[in-house]
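Inside the fold
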Amino acid sequence: MSKLQELINHHCPNGVPYKQLGQICEIKGRIGFRGYTRKDIVPNNEGAISLSPSNIVNEVIDYNNSTYISWDKYYESPEIMIEEGDVVFTKTASVGKCALIKNLPCKATINPQLVVLKNIQVNPSYLNYILQDTRFQSEVKKFTGIGSVPNISQSALSEISIPVPPIEVQEEIVKILDRFADYAAELQAELQAELQARKEQYEYYRNLLLTFNPSACGCGTDGEQKMDDVTTWGGA
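This structure is a prediction, so every number in the text was calculated from the model and none was measured. (Residues numbered from 1 in each chain as written. Predicted model: local features only at pLDDT ≥ 70, side-chain atom pairs only at ≥ 80, totals over all residues. Heavy atoms only, no water.)

1. Some remarks on the layout of surface pockets
- Put simply, the largest pocket is a space of about 690 Å³.
- As for the largest pocket, its lining consists of 21 residues, of which Asn58, Glu59, Val60, Ala181 and Ala185 are closest to the centre.
- For the lining of the largest pocket, the secondary structure elements donating two or more residues are β6 (60–61), β9 (98–100), α4 (124–132) and α7 (167–209).
- At eight residues, the largest contribution of residues to the lining of the largest pocket is made by α7.
- Classifying every residue of the lining of the largest pocket gives eleven nonpolar, six polar and four charged.
- Counted as a void, the second largest pocket has a volume near 340 Å³.
- Together, 17 residues line the second largest pocket, and Tyr126, Ile130, Asp133, Arg135 and Pro163 are the ones closest to its centre.
- Among the elements of the structure, α4, α5 (134–143), β12 (161–163) and α7 are those that each provide at least two residues to the lining of the second largest pocket.
- Per-class residue counts for the lining of the second largest pocket are 13 nonpolar, one polar and three charged. (1 Å grid on protein atoms, 1.4 Å probe; cavity = no way out; pocket = protein on both sides within 12 Å on 5 of 7 lines; lining within 4 Å. Points joined across faces, edges and corners; volume = space filled by probe spheres on them. Helix = DSSP H or I, 4+ residues; strand = E, 2+ residues; numbered from the N terminus. Nonpolar A, V, L, I, M, F, W, Y, C, P; charged D, E, K, R; others polar.)

This is how it looks when you write it as structure tokens:
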């Protein structure tokens, strides 16, 4: 019997309880009249990061190529100031994309397409994994409005129920899934390196094979065709 199963049998003899998302965290979004326009956007590192769905890459926050907004606009909405251990969730357009906040490089907030889950009463990593689970994502789709731009309201999101086992079980699940996530990230990095190497190899041979000697046009200096030069490729 696995350690996880032993923990479940010990701590949950009557099954794992479920709670609505709104019962285990606060769900905060940018209030409409506190939205921002182009005039609020500032050069990189001259304000606070405003996270958007494009910052969520492979279920991890990528802070590169972030949008920055003015400090005035940042401080206008203290309820959505991002902190380590928060979870961000996309409620508009790319509905369902989510990620745990780690290694925050500077002060940050969210744009109107996201909500931030704060004051989380379970293991934040466990919650993040639950939100990524296909069963939770299926529930989200049931509440997603039909229209040109998909959307789920904060109230609907808060009503979706999730399993909430004791903290010991949550931590063991996180430990297992973190190992798989680390392994997947290593494989992804190796594949990217391999793809880059193959791309460079392809470009090298493409350039080599398509680079002809000047004389390969079929004419010599005296205007007569030189058969030896015609078959010369890549400077050979």
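From this point, the discussion proceeds with the structure in view.
2. Here's the deal with the pairing of strand β2 (residues 26–29)
- Taking every second residue as pointing to the same face, the buried face of β2 carries Ile27 and Gly29, while none of Glu26 and Lys28 on the other face is buried.
- Strand direction decides the pairing type here: β2 and strand β11 (residues 114–118), joined by four bridges, are antiparallel. Pairing of Gly29 across the sheet is with Val115, part of β11. (Buried < 20%, exposed > 50% of the residue type's maximum accessible area, 1.4 Å probe, protein only. Pairing = 2+ DSSP bridges.)

3. Considerations on α4
- Within α4, eight of the nine residues are buried, which leaves the element mostly enclosed by the surrounding structure.
- The N-capping residue of α4, defined by a side-chain oxygen 2.9 Å from the backbone nitrogen of Ser125, is Asn123. (Polar contact = N/O pair within 3.5 Å; in protein donor to acceptor, adjacent residues only side chain to side chain.)

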